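So you can see what is in the structure, the chains are spelled out below.
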Amino acid sequence: AADSVKCSVRLSSVFYKCNESVVVYASGKGPGSGDKEGAKAGKGDGKGGGSGKLSLSFHPKEPGIYPCTVTLTSAMDTRIYQIEGTGTAPNTRAALNFHTQARRPITQDIPVTNPTDKDWTIKCVLTQKEGRNEFTGPREIVAKKRGASGQALVTTYPLQFSPEWVCDAAAHLALQNLSTNETYEYELRGVASEPNAEEHVTLRCEARQSTSHTFAVRNFSFNSAVMEVESDLLHISGESHVEVDARKTCDYVLTIQPLQAGQVTGNILFRDTQSGHFTWYTVEVITAPPQPQQKIELKCAVRDAIAVDINLVNPMDDVVVFDVSLTGEGLLGDSEFVLAPKESATYELVFSPLLPSRRKGTVVFVNDRVGEFWYDLDMIAEDAPAIDIPQMECELGRTRIHTETIENPSGQEVVLKHRSTNKINFKVLQQRIVLPPLDSVDVQFEYSPSTLGQKEQAQVVIEHPTVGQWVYNLTGIGLHPTEVKNVSVVAQVNRAVSNTISFRNPFLEATQATMMLECDEASRGAFTLLNKKPKLHVGPLGSVQIPYSFCPSSMAQVTANLVVTVTKPQGNLAWTYRLQGIAEAPTDSTVHIFTTRAREALDVLYPLTLIGLDLGPKERPSEVLTCRLDIPSQYQGIMTKCCDVKLSESPGGTQGDGQRVSLAVRFVPLRPFTCLCSLVVSKASGGRWRFDCRFEATEPDVDDTITIESPLNKPASVAFRLANHTPAYAEFDAFFDAESAYEFSVTPTNGVLEPQGSAGTTFLVTYTPVEYGKTVTGKLIIQTEEVYWSYAVRGVHPKYTAPVITKSRLQTHLSREVQSQMASAQAQRQKKNFLKQNIAQARQQAQ
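Nothing here was measured: the structure is a model prediction, and the numbers come from that model.

**Q** When you look at the overall build of the protein in this model, what are you seeing that I'm missing?
**A** Check the secondary structure of the protein and you find four helices and 62 strands. Compactness check: the protein gives a C-alpha radius of gyration of 60 Å against a globular reference of 29 Å for 847 residues, more than 25% above the reference. Across its three principal directions, the C-alpha atoms of the protein cover 180 × 140 × 85 Å. Going through the 847 residues of the protein one by one, you find that 37% of them count as buried. Considering only intrachain contacts with a sequence separation of at least 6, the fraction spanning at least 24 residues in the protein is 67%. Carbon and sulfur atoms make up 48% of the accessible area of the protein, which totals about 49,600 Å². The average position of the 82 basic charges and that of the 93 acidic charges among the side chains of the protein differ by 13 Å.

So, in C-alpha cells, the structure goes:
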C-alpha cells in the first residue's frame, strides 16, 4: 500500500475557506514522528506535507449558525464531514439622549434582530443613581427566531424616560444575550425641561361683567401639598392658595371681570410651596364690548355737519384721561378727553359725511381704571339739496357765464366729472375740473339761449366717487339782441385785408339771415362785403362765416356796421357788428436797438419817422399820439420795471419834419438779458405804426475780486454777505460760469436773498487746488429775477519762502586726532616702494 493518499477538498459554504487539497499519510509514516497525527495542509499544487490535519477558517457575515459539509475525495475513497459554526456579534456600545418636558414620558424602541432558528433570551440590566427612576423598561425580553421564510425578525426593547420634574439624569443599560453571550451597552442621558401647559383655556365674556371658570389642580407628588396661585391676567379674583391631597385633583374657581373689550392672552400657575413644582394653564380672554350706554341718531346732508354733546362723569379722585376711538365715515372728534377729579363735562362729536349712506358707527371711551364706555351711532347721510342758481338772462346769439365755487373737503386731489340734462343751452366750460386737496375751485356755467322769451332750464351734476356730487338747477330766458359787438381789423394803406365774422343761428330750426353793411361817408369804400348774395341759409344751431374786406385809403380810423337780420313771428331780430378799421403804416424793416450795461441807465431821445402822419397846424405829437410796447410774456415782468417809453417834444421845441417824432426811452436794467418786442404808435383819429425793437442789457463789470489762498488738496473758504437791492425777499441762484475752474464751489447755490437793510445772506466760496501751476480764475454769478451780481475769483498757492540756515546741524570738521592719523597713513603710503621691495626679495631667493 502507498505511504500517503492525496485528497481534494470541497466546501459547501462560502463562509468557510481552506486549501484545495490535503495529503493523508499512512500510520506511522510521514515527516513527523509516528506518535503524532501528521498531515500538513498542502498547497494548491497538491504537494503537501506534515500531519494529516485539515485547517479551516470561518468568516461569518453576521451573528448566527452556519452549517457546512466538507467533502474529501481521493482515488481510493470519499470522506464527508458535517461541521457547524456559530457567528457571534462583538459587544456594542452606544449613547442615547432623551429630551422632553417634565411629566411627559417618551419611549425609545431599541431593535434586536435574531437571524437564527432559535429564540434568544435577552436579559436587561438598567443601572441608575440611587433614588432615581426616570428610566424604566422590562427586565427580560425574548427575541423571536427567524420566520418560516427565512427572514430575520426584529424584536424591540421599550425604554421609557418619564421624568416627574426638571432634571438631567444619566443611566446605563446593558442587554445581555444569554444565547450568544453577546452584550449591548447603552449610555443613557435624559434632560427634562419645565412642563408644558396642561391645557389652553379660552374664556369669552363681556366687558364689566363677571365670568367664572373652574381649573383642575393636580398634585403629582406622594404627599399632600399647598398650591400657591399665580397669574399675569388683569381684573381677576380667586383664592390665593389651594390644598390638594397626594396624587389627587381638586377644582379651583377663577373669576374675571375685564373693563375693556379686546383679546388678551395670559396664564395661571399653581406652584407647590414645598417642592416648587407647578402646573399651569394658558388662558385666552376674548372680551366683547359692553352694552352701549345709549343709541344716538345722527342725520345730516352730505358736506354739511351736525354736532352732538356726550356727557361724561369722572367719579374718581384722580384725573382721568379717556382714549376716544371713532368708527364710521365722517365722524370727527378729539382722540383724547380729560376729566378732572369729580368733574362732569361734555364731549363734542361732529358728523360731516361726504357721500349719502345709512351706516352704523361707534364712539368708544376707554380708560384703564374706569373701563370702557361706548355709544351706538345710527349715521344717516342724506343727499345734499340741489343748489338753485338765480335765473340768467341773455340776448339771443350771446352767452352768459355764471361762476360757482366748489370746495374739496378731502385730503386728496380729485378730478370731477360733470353732466347736464340740457347740453344745448347749459354746459360747464371746463372740460376737466381738478379739485386740489382741502382747496376750492371755480366752476363756470355757460348759458346760451335758443328761444326768445321762454324759460329754459337744466340740471347740472358734478360728481366724484370720493367727495360726492353737487347738483345745480339752472334757468335762463333769451332776450332780444341789442348789444353791439365790436370787431377790429388792421390793414396797411391801400392794401386790402379780408376777414370774416362768425354768425351763429341760436334757434333750433333753420333760418334765413339777411346781411347789410351800413357805412358813413368817411368809411364808404373802405369796407366791402364779399358775399355774392345778401341772404344766407343757416341750419339749426349752425354757424356761418360772413367774409368782408378792408382797404383804407389814408392813415385814418373808419367804422361801419354790419347788420344781420332774421325774421321771426315775434318780429325781426337784428345783430349788429361794429367794424373798426385801423390803418397801419407799412412795416419798417429796421430793428431799433437799445443797448446798455446792466445796472447802468440809458436815457435817450430816439427819432422815429411816422410815414403818412398828417398833423394839423395846432396838433402836437405828444397830444395826439400814444405809444406802447408789445412785450413777450416771459419778459413782461422785468421789462415793466426797467423800461419806460413815451413820446416827447422834439429837441429845442421845434416841430421839424411833420412825420418825425421823438421817443423818450429810459432803460435801466439790473441784470443781463435781450428782449425783442414791438413798439406800437397810435393816433387818436386813426392810424397806427409798428416798429421792431431790441432791448439788450450786457454784463456789467465785476462787483469785486475775491482772492483765496490754499495749499495743495486743502480747501480754503471766503465768506461774504449780500442783500437784495429792494426791501423785499427774492429767490436767487448762485453758480460759477462755464469757463470757471472746477476747483471753485459756492454754497448755497439757491435760496432766498434777504431784503435791503438787513445783514444779508451769507455766501461761502471754497477753493480746493489739486495741482501746482498758474493762478486759476473763475467768475461767480448771483442773480435774482431782477438783479445780477458777478465776482472775479482767483485761487493762489501760499508763497514759498526758502529757509535761512544760521548754523550747521552736521559736524563738518575733522578732529585733530583724526587729522593726525590720516596724515600718518598718507606718509606711509608715500614712503613705501613696492618695486624696490620686490627686487630685494627676488635677489634673496636667487642666492
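Once you've had a look at it, read on.
**Q** Would you take a moment to explain the sheet that holds strand 12 (residues 153-161) for this structure?
**A** Through backbone hydrogen bonds, the strands of a sheet pair up, either in parallel or in antiparallel fashion. The strand order across the open sheet formed by three strands is 8-12-10, and the pairing between neighbours is antiparallel. Looking along the sheet, the strands with just one partner apiece sit at the ends: strand 8 (106-114) and strand 10 (135-136).

**Q** What should I look at first to understand the state of the cysteines in this one?
**A** Tallying each qualifying case throughout the model produces zero disulfides. Cysteine Cys675 remains unbridged, with the sulfur of Cys677 as its closest cysteine sulfur at 4.6 Å. We classify Cys675 as buried; its relative accessible area is 0%.

**Q** Mind showing me how you'd approach the nonpolar core here?
**A** The tendency in soluble globular proteins is for nonpolar side chains to be buried as a group. Ranked by internal contacts, the top residues of the largest apolar core, which has 31 residues, are Leu625, Met639, Phe667, Trp689 and Phe695. Of all the secondary structure elements, the ones that give two or more residues to this core are strand 49 (602-609), helix 2 (636-642), strand 51 (643-648), strand 52 (660-667), strand 53 (673-683) and strand 54 (688-698). Aside from chain neighbours lying at most four places away, what touches Phe695 is Phe594, Leu629, Met639, Cys643, Val645, Val665, Phe667, Phe673, Thr674, Cys675 and Cys677. Counting 27 residues, the second largest nonpolar core, distinct from the first, contains Leu536, Val538, Val566 and Tyr577.

**Q** Explanation requested: a nonpolar patch on the surface in the structure shown.
**A** On the surface, Val319, Val321 and Val338 cluster together into a nonpolar patch covering about 220 Å² of accessible area. For Val321, the position within the fold is in strand 25 (residues 320-327). Residue classification places Val321 among the partly exposed positions, given a relative accessible area of 32%.

**Q** I tried to follow the side chain of Thr766 on my own but got confused; where do I start?
**A** Looking at the element boundaries, Thr766 is found in strand 60 (residues 761-767). Within polar-contact distance, the side chain of Thr766 engages the side chain of Ser717 at 3.0 Å.

**Q** Help me understand the pattern of salt bridges, please; the structure alone is not making it clear to me.
**A** A pair can form between side chains of opposite charge whenever their charged atoms are brought close. Tallying each qualifying case throughout the model produces 23 salt bridges. We note a salt bridge from Asp117 to Arg146, for which the minimum N-O separation is 2.5 Å. Of the two residues, Asp117 sits in the loop between strand 8 and strand 9 (120-128) while Arg146 sits in the loop between strand 11 (140-143) and strand 12, which places them 29 residues apart along the sequence. Linking Asp317 and Lys342 is a salt bridge whose minimum nitrogen-to-oxygen distance equals 3.5 Å.

**Q** It is not clear to me how the sheet that holds strand 18 (residues 236-237) should be interpreted in this structure. Could you clarify?
**A** Strands sit in the order 16-20-18 across an open sheet of three strands; the sheet is antiparallel. A single partner strand is all that each edge strand has here, and the edge strands are strand 16 (211-218) and strand 18. Taken together, the two bridges between strand 18 and strand 20 (residues 249-256) define a ladder with antiparallel strand orientation. Considered in strand 20, the bridge of Ser237 is made with Thr255.

**Q** What's the story with the packing of aromatic side chains in this structure? I'm lost.
**A** Think of a pair of aromatic rings as described by two things: how far the centres are apart, and how the planes are tilted against each other in angle. Scanning the model with the defined rule gives 28 aromatic pairs in all. Sitting above the plane of the Phe222 ring, Arg247 keeps its charged end 4.6 Å from the centroid. Looking at Arg303, its charged tip hangs above the ring of Trp470, at a distance of 4.0 Å from the centre.

**Q** Would you take a moment to explain the environment of Val770 for this structure?
**A** Within the element layout of this structure, Val770 appears in the loop between strand 60 and strand 61 (776-783). Residue classification places Val770 among the partly exposed residues on the basis of a relative accessible area of 39%. A sequence separation of 58 residues divides Val770 from Leu712, and the C-alpha atoms of the two residues are 5.7 Å apart. Residue contacts for Val770: discarding those within four places in its chain leaves Leu712, Asn713, Tyr742 and Glu743.

**Q** Help me out: how do you make sense of unusual backbone geometry in this one?
**A** Note on backbone geometry: most residues besides glycine have negative phi, and most peptide bonds are trans. Following Thr747, the chain continues to Pro748 via a peptide bond in cis, the omega torsion being -5°. With respect to the helices and strands, Pro748 occurs in the loop between strand 58 (744-747) and strand 59 (750-753). Even without a glycine there, the phi angle at Arg303 is positive, about 65°. Considering the arrangement of structural elements, one finds Arg303 in the loop between strand 23 (295-301) and strand 24 (306-313). Residue class for Arg303 comes out partly exposed when judged on its relative accessible area of 25%. A positive phi angle, close to 65°, is found at Asn494, a residue other than glycine. With respect to the secondary-structure elements, Asn494 resides in the loop between strand 40 (485-492) and strand 41 (497-504).

Cut-off values and rules
- Residues numbered from 1 in each chain as written.
- Predicted model: local features only at pLDDT ≥ 70, side-chain atom pairs only at ≥ 80, totals over all residues.
- Heavy atoms only, no water.
- Helix = DSSP H or I, 4+ residues; strand = E, 2+ residues; numbered from the N terminus.
- Rg over C-alpha atoms; globule rule 2.2 N^0.38 Å.
- Buried < 20%, exposed > 50% of the residue type's maximum accessible area, 1.4 Å probe, protein only.
- Contact = heavy atoms within 4.5 Å.
- Areas by Shrake-Rupley, 256 points an atom, 1.4 Å probe, with all protein chains shown as cover.
- Lys, Arg positive; Asp, Glu negative; His and termini not counted.
- Charge placed at Lys NZ, Arg CZ, Asp CG, Glu CD.
- Pairing = 2+ DSSP bridges.
- Disulfide = S-S within 2.5 Å.
- Core = buried A, V, L, I, M, F, W, Y, C linked by side-chain atoms within 4.5 Å.
- Patch = residues over 30% accessible without salt bridge, like charges linked within 9 Å, V, L, I, M, F, W, Y side chains within 5 Å.
- Salt bridge = Lys/Arg side-chain N within 4 Å of Asp/Glu carboxyl O.
- Polar contact = N/O pair within 3.5 Å; in protein donor to acceptor, adjacent residues only side chain to side chain.
- Phe/Tyr/Trp six-rings, centres within 6.5 Å; stacked < 30°, edge-to-face > 60°.
- Lys NZ or Arg CZ within 6 Å of the ring centre and 35° of its normal.

These figures capture arrangement, not role.
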